[in-house]
Amino acid sequence: MATDKQAIRVSPMKIHLNSDACQGHARCHALAPRLFGLNDEALAVLLIDGDIPADLEEKARLAARRCPEFAIEISEE
Ligand code: SF4
């Protein structure tokens, strides 16, 4: 029987964004727009709360590596 529901595999990865350190370079948003948005002051905001979908893991790692302020931390349990 067909269903409209799709299984989304989540990883144990979590992202922590240090908003105090963010300087608004927007690299994270450019690299991972499904994970990072920008607020009215062009500072980063997380778009996903909790576990990261598995297909976004690499984008999350890339954004963390490329943030010039080291404002993005990844934890993987
Ligand atoms: S790349 Fe880093 S400093 Fe730039 S907007 Fe994203 S979190 Fe902020």
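Details of the structure are given in the entry above.
Note that the structure is a prediction, hence the values are computed from the model and not measured.

Novice: How should the nonpolar core be read in this particular structure?
Specialist: When a protein is soluble and globular, its nonpolar side chains tend to lie buried together. One finds Ile15, Cys28, Leu35, Phe36, Ile52 and Ile72 to be the most contacted residues of the largest nonpolar core, which totals 18 residues. For this core, the secondary structure elements donating two or more residues are strand 1 (13-17) and helix 2 (57-66). In this structure Ile15 touches Leu35, Phe36, Leu46, Ile52, Ala60, Ile72, Glu73 and Ile74, once residues within four positions along its chain are discounted.

Novice: Honestly, helix 2 in this entry has me stumped. Any pointers?
Specialist: In an α-helix, one turn spans 3.6 residues, which is why side chains three or four residues apart end up on the same side. Those residues of helix 2 lying buried are Glu57, Ala60, Ala63 and Ala64. Relative to the axis of helix 2, the buried residues are bounded by an arc of 130° and lie together on one face. Packing partners of the buried residues in helix 2 comprise strand 1, helix 1 (27-31), strand 2 (36-38) and strand 4 (72-76).

Novice: Help me understand unusual backbone geometry in this model?
Specialist: One can expect most non-glycine residues to show negative phi and most peptide bonds to be in trans. Phi is positive for Ala26, which is not a glycine, with a value near 70°. With respect to the secondary-structure elements, Ala26 resides in the loop between strand 1 and helix 1. Positive phi outside glycine occurs at Phe70, with the angle close to 55°. Inspection of the secondary structure puts Phe70 in the loop between helix 2 and strand 4. For Phe70, a relative accessible area of 66% puts it in the exposed group.

Novice: Please clarify how the pairing of strand 1 should be interpreted in this entry.
Specialist: A regular strand places its side chains on the two faces of the sheet in alternate fashion. With burial as the criterion, only one face of strand 1 is covered, namely that bearing Met13, Ile15 and Leu17; the residues Lys14 and His16 on the opposite face remain uncovered. Sheet analysis places strand 1 next to strand 4, joined by five bridges and oriented antiparallel. Counted as the bridge partner of Met13 is Glu76 from strand 4.

Novice: Help me out: how do you make sense of the environment of Phe36 in this one?
Specialist: The topology assignment puts Phe36 in strand 2. In contact with Phe36, not counting residues within four places along its chain, are Ile15, Cys28, His29, Val45, Leu46, Leu47, Ala63 and Ile72.

Reading guide: rules and limits
- Numbering of residues starts from 1 in every chain and runs along the sequence as written.
- The predicted nature of this model means local features are confined to residues of pLDDT at least 70 and side-chain atom pairs, given and counted, to a pLDDT of 80 or more, with totals for whole chains, interfaces and linings taken over all residues.
- Side-chain numbers here rest on the full set of heavy atoms in the structure, without hydrogens or water.
- Only buried residues count toward a nonpolar core, which is a set of Ala, Val, Leu, Ile, Met, Phe, Trp, Tyr and Cys residues joined through side-chain atoms within 4.5 Å.
- Categorising residues by exposure relies on relative accessible area from a 1.4 Å probe, with only protein chains included: less than 20% of the type maximum marks a residue as buried, more than 50% marks it as exposed, and the intermediate range marks it as partly exposed.
- Numbering of helices and strands starts at the N terminus; helices are DSSP runs of H or I of at least 4 residues and strands are runs of E of at least 2.
- Throughout, a residue-residue contact means that at least one pair of heavy atoms, one from each residue, lies within 4.5 Å.
- Throughout, the arc means that of the directions going from the helix axis to the C-beta atoms.
- Pairing between strands is defined by DSSP: at least two bridges between them are needed.

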